[in-house]
Amino acid sequence: MTATDPVKAVSLPVPVSIDPSIAPPGTRNFRDAGGIPADQWHADQNGETLVPTHCCFCGVQCGMYLRVDKHGKVFGVEPRNHDINRMRLCPKGINAYQQVNHPDRLTAPLMRRSRDEEFKEASWEEALDFTVSEIRRIQQAYGNDAFGLLGGASLFSEKTYLVGKFARVALKTKHVDYNGRLCMVSAAGANKLAFGIDRAGNPFSDILLTDCLLIAGSNVGECFPVMTQYLWGARDRGASLIVIDPRETAIARTADIHVALKPGTDAAFFNAVLHVIVAEGLTDETYLAAHTTGWEEVKQTVAAYPPARSAEICGIPAEQIVQVARVFAAADKAMAWHARGIEHHSQGVENCLTVINLCVATGNIGKPGAGYGTITGQGNGQGGREHGQKSDLLPGGRSISNPEHRAQICRIWGIEESELPGAGTSMMEMVWQMQRREIRGLIGICNNPFVSLPNYAVVKDGYDTAEFHAQFDFFLSETAANAHVVFPVTTWAEDEGVMANAEARVVKHNKAQEPPAGVRTDTWVICELARRLGAGHHFDFPGSREVFEELRVASAGTVNDYYGITYERLEETGGIAWPCPSTEHPGTPRLFEDGRTCHPDGKIHMQVVEWHPPMDAYTEEYPLSLTTGRTVAHFLSGNQTRRLGALVEQTPRPWVEVHPSHGFRNGDPVRVVTRRGSEVFPALVTEAIRPDTVFIPYHWPVPTAANALTIDALDPRSKIPEYKVCAARVEAADRIDEVPAPPTAPGQEAYPEAQVSRTDPLPPTSPQGRGTAERS
Amino acid sequence: MMGRTIFIDPGRCIGCQACVSACRECDSHRGKSMIHLDYTEPGMSVASLPTVCMHCEDPVAPCAEVCPADAILVTADGVVQQADTTRCIGCANCVNACPFGVPKIDLQAKLQMKCNLCYDRTAYGLAPMCATVCPTGALFYGTLEELQAERPGVQVADSFAFGDVMVSTGVAMVVPADKVQWPVPGGLPVVEVNGVDVR
Ligand code: SF4
Ligand code: SF4
């Protein structure tokens, strides 16, 4: 380690103690009344402490306190008045603490020499040695690049930095990527192209100042529930709300304009909106002349998208396009936020660019209440790629193909430039490479591709073909259940580190309890593997704090500058938005206030976009669009939330949302067929979806996995899969596919509370009010 | 009018059930949620509406009035408490009496449970768990002035008409400003009594 910045020793934050007299008066008896999970609700609250931290789930990163009993065990949650969430929490956040001491936690390494054997508990020595010998064997036989590493965007930034460094310095492979590739890389790519910087332009608080809020492809109410308070706050002050979504979501319900367009037609829609704005002379020509390049070309392109043409493509009335254009352009300050709904496409980057073009053409950039943002799905979806975990990036968002950037990082890492591998491939491409035996061994950290990648059959085949697979996790995920070695690692509550939320605000998570016996931090495991691979001197990190100090230095002077951010400052301020180049710098919540972007010419580079249809063609056999998304109770692949009783009870299983015109009744078994396969779900009949579209939430494994049906087509630039649209048909079936229980380690009882709800066969429990009660 | 209380604004509710989860975490009945989340038009719209105890003021707490065991007590500040466990006989009279359908019976324990406005929290100056976490502010805890400062022009109602019977409550509902109807019609219209059409 050649980081020169001195590492200052500091003690952990002092937990706030609770006045013991605030114990609930005379109410303990009720705790026995059927609690979930009963065992944790008998904590000894005398001497309870509250540890300030953040939610481990989505990109809002709500502040919360974890309640810790006098034996040092996390047993509850208390809302925290952090300025991101001001006490608010969604059901995932409220129940997150139940993971920490959950009976399904892995507490010893699991190992087997072949997939035909059962897992056996192994010692750390054995598991590490076996892993290292397999890495050596594969790399000696097939070259360094035959071993790959897949990280995750739920890891603290320190760990994502380590993953990138470990791949390049210890494994010496170019094959490293992460599951943020499935999240917001399209938005990242678009922002880089247009502005030269990869983050949202404005803080959430700017939403409160706007006059018109456009939300495209984001089910805010379910995926980022706590952000809703900003939306409603804007509406209280009279802002208009425009929602673009094929489904009537909770926010669409009360929007001024809800555009229910056909999945995969976003670029055609936004081009037409801009067409109207140009035609009606509503553009901000002064702004465009002073701050942009490429406007003329964009203007010419959108001329070919009159409302009538796009209305036909999008399956909406042309008047809506005109309406959206007028409302957006007439607003004094307008903002656009988008999420996976427009990003998960084979033209994901382009979709985001059309939204950016809209904001730029109306001069809505870099002002309080005016700007753009992308809503990150994963807690550290933003920070997870800033420090070198992505296949083409080095720390500080540097490009791995840029000789100058390579030289800078090699200096910091103390390696020769010739030793640093080049750019690797994306997550889905790595799976294809495993199928082709180009990648023969893999370590996965904090990800669950068996549920989260599209086209499950291909994913399973790729992993099955790999000769060696190790996985880090704290529950046995569906993917870990396929591995040769599983390392039991810490939850977010057992380690400290930083995450960057959707506003690029860096927040600090604190340690609330010691890990259970046998569990190690990811940092420890990575450093230990590096030591055994002979690169120990590059990985001399006792903990997150030391990694963060190197990360700060490694990011200094880049666009993603973290140099001025320290743990102490984060604790004092509650979060600092990067770039923050010095310890006196207040951070940068809003970008481009001086009118300059991060491109060398300081301009916004507007990009031409032509709409093209989704990759999976509609035919008579497959006439419908299948689209996927989340439910409020579950998080991503569900490895964490499908084990928490209250959340399982809230949403025990997936369903297929269909319009009444298909003739199904609520709860009917419906087979959804695509070119990849077919599965049977209970019907949730609702008028809140387009007749030509069906929807399945994706948190469950096969045979109830939306991703057994979705297509593994990728956006050519961002390599994000086209989860949000593929061709499908629905037909009546005679029985509904059962949801399998989440895998558990040998000897572990499946968690009974979760089981009870999960075997409940029928029908969908009216998630968000969508189910049809039989109407009389 | 009311002092510090809960205001319910169905127009903001996203049906996320954070209130339900939060209510389970409340120390006074940990493990059980006392909140009902209703979907008003399932299959047609995603509209949803949380119901907490309305803490009836006039007539004072029908649930308490009908309780044969005097188990439901109303505190001086108007909070209708959940049944006292040492007195409750689990007869479910309160369940039948409540016009809002709030109290629940734990059949196994033969005990009534209901929202007691998180007395264990409010007594110490904290807001009830549900209103604290509600991501949208559909449940708001505070005074009317605080609510109006945050949401200019908001209108609330605390009187409900059940047929001819009027109930005024300690908890208030936000009503659409352009459709203020006084009192707010409560419950479903009675169309039939013992098989006789009474419309
Ligand atoms: S999941 Fe997101 S919105 Fe919900 S509590 Fe966690 S950070 Fe907040
Ligand atoms: S927490 Fe708030 S928004 Fe969510 S269901 Fe309850 S009342 Fe509605």
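Below is a summary of the structure that appears in this document. The structure displayed is predicted, hence computed values, not measured ones.

1. A few points about the overall build of chain A
- Of the regular secondary structure elements, chain A holds 23 helices and 29 strands.
- In terms of overall size, chain A behaves like a compact globule, its C-alpha atoms giving a radius of gyration of 25 Å where 776 residues would be expected to give roughly 28 Å.
- Once the C-alpha set of chain A is aligned to its principal axes, its extents read approximately 70 × 65 × 65 Å.
- Expressed as a percentage of its 776 residues, the buried residues of chain A come to 68%.
- If you sum the accessible surface of chain A, you get close to 23700 Å²; carbon and sulfur atoms cover 51% of it.
- Of the side-chain charges in chain A, 74 are positive and 93 negative, and the distance between the mean point of each set is 1 Å.

2. Here's the deal with helix H3 (residues 157–170) of chain A
All names here are of chain A.
- The first and last C-alpha atoms of H3 sit 19 Å apart over 14 residues, in line with the 20 Å expected at 1.5 Å per residue.
- When you tally the buried positions in H3, you get 14 out of 14 residues, the bulk of the element.
- Phi turns positive one or two residues past the end of H3, at Lys-172, with a value near 55 degrees.

3. Observations regarding the site of ligand 2
- Contacts to ligand 2 come from 14 residues, most closely from B:Cys13, B:Cys16, B:Gln17, B:Cys19 and B:Cys134.
- Here the shell around ligand 2 is composed, by residue class, of 11 nonpolar, 3 polar and no charged.

4. Description of the sheet that holds strand S22 (residues 576–577) of chain A
- Spatial strand order, S20-S21-S22 (chain A): 3 strands in an open sheet with antiparallel pairing. Of all the strands in the sheet, just strand S20 (497–500) and S22 of chain A have a single pairing partner and so form its edges.

5. Notes on the nonpolar core
Residues and elements named next belong to chain A.
- Core analysis: the biggest nonpolar cluster contains 120 residues, and Phe-166, Phe-195, Leu-214, Phe-269 and Phe-539 have the highest contact counts within it.
- Not counting residues up to four positions away in its chain, the partners in contact with Phe-166 are Leu-149, Leu-171, Lys-172, Ile-526, Leu-529, Ala-530, Leu-533 and Phe-539.
- Counting residues in each nonpolar core, the second largest holds 83 residues, with Val-60, Val-226, Leu-636 and Phe-664 among its members.

6. Let's talk about the sheet that holds strand S14 (residues 371–374) of chain A
Residues and elements named next belong to chain A.
- Across the sheet, which stays open at both edges, the 5 strands sit in the order S11-S10-S9-S13-S14 with parallel pairing between neighbours. At either margin of the open sheet sits one strand with a lone partner, and together these are strand S11 (257–259) and S14. Here the average twist between neighbouring strands, direction ignored, is 15 degrees.
- Inspection of the sheet shows strand S10 (residues 240–244) paired to S11 by 3 bridges, in the parallel sense. Paired with Val-243 across the two strands is His-258, which belongs to S11.

7. A short note on the packing of aromatic side chains
Residues and elements named next belong to chain A.
- Inspection of every chain in the model, using the stated rule, returns 22 aromatic pairs over all chains.
- Ring centres of Phe-57 and Phe-635 lie 4.9 Å apart, and the angle between their planes is 45 degrees; on these two criteria the pair is classed as tilted. Here the residue Phe-57 occupies a position in the loop between strand S2 (49–54) and strand S3 (63–68), and Phe-635 occupies one in the loop between strand S24 (624–629) and helix H22 (645–650), the gap between them amounting to 578 residues.
- Arranged with centres 5.2 Å apart and planes meeting at 75 degrees, the rings of Phe-450 and Tyr-463 form a pair that is edge-to-face. Of the two residues, Phe-450 is situated in helix H17 (residues 449–452) and Tyr-463 in helix H18 (residues 456–465); the sequence distance between them amounts to 13 residues.
- By relative accessible area, Phe-450 is classed as buried at 6%.
- Residue Tyr-463 is classed as buried on the basis of its relative accessible area of 0%.
- One aromatic cluster is present, built from ring pairs that chain together Trp-124, Phe-472, Phe-487 and Trp-524.
- Sitting above the plane of the Tyr-618 ring, Lys-262 keeps its charged end 4.2 Å from the centroid.

8. Examining the packing of H3(A) against helix H20 (residues 544–555) of chain A
All names here are of chain A.
- Between H3 and H20, the shortest axis-to-axis distance is 9 Å and the interhelical angle comes to 70 degrees. Taken together, H3 and H20 sit at an angle that is classed as roughly perpendicular. Contacts between H3 and H20 involve Ser-157, Glu-158, Tyr-161, Leu-162 and Lys-165 from the first element and Ser-544, Val-547, Phe-548, Glu-550, Leu-551 and Ala-554 from the second.
- Partitioning the contact of H3 with H20 into residue classes produces 6 nonpolar, 2 polar and 3 charged.

9. Quick look at the pairing of strand S7 (residues 139–142) of chain B
Residues and elements named next belong to chain B.
- On S7, burial covers both faces: Leu-139 and Tyr-141 on one face and Phe-140 and Gly-142 on the other are all buried.
- Two strands pair when backbone bridges link them, and strand S1 (residues 5–8) and S7 are joined in this way by 4 bridges, in the antiparallel orientation. When the bridges of S7 are listed, Phe-7 appears paired with Phe-140.

10. Brief notes about the site of ligand 1
- As a matter of local geometry, ligand 1 sits amid A:Cys55, A:Phe57, A:Cys58, A:Gln61, A:Cys62, A:Leu89, A:Cys90, A:Lys92, A:Gly93, A:Pro225 and A:Val226.
- The residue inventory of the shell around ligand 1, partitioned by class, reads 8 nonpolar, 2 polar and 1 charged.

Criteria and thresholds
Residues numbered from 1 in each chain as written. Chains lettered and ligands numbered in written order. Predicted model: local features only at pLDDT ≥ 70, side-chain atom pairs only at ≥ 80, totals over all residues. Heavy atoms only, no water. Helix = DSSP H or I, 4+ residues; strand = E, 2+ residues; numbered from the N terminus. Rg over C-alpha atoms; globule rule 2.2 N^0.38 Å. Buried < 20%, exposed > 50% of the residue type's maximum accessible area, 1.4 Å probe, protein only. Areas by Shrake-Rupley, 256 points an atom, 1.4 Å probe, with all protein chains shown as cover. Lys, Arg positive; Asp, Glu negative; His and termini not counted. Charge placed at Lys NZ, Arg CZ, Asp CG, Glu CD. Expected span 1.5 Å × (residues − 1). Near = heavy atom within 4 Å. Nonpolar A, V, L, I, M, F, W, Y, C, P; charged D, E, K, R; others polar. Pairing = 2+ DSSP bridges. Core = buried A, V, L, I, M, F, W, Y, C linked by side-chain atoms within 4.5 Å. Contact = heavy atoms within 4.5 Å. Axes fitted to C-alpha atoms, helices over the stretch in contact; angles between N-to-C directions. Phe/Tyr/Trp six-rings, centres within 6.5 Å; stacked < 30°, edge-to-face > 60°. Lys NZ or Arg CZ within 6 Å of the ring centre and 35° of its normal. Parallel < 35°, antiparallel > 145°, perpendicular 65-115°, else oblique.

No statement about biological role is implied by the geometric values presented.
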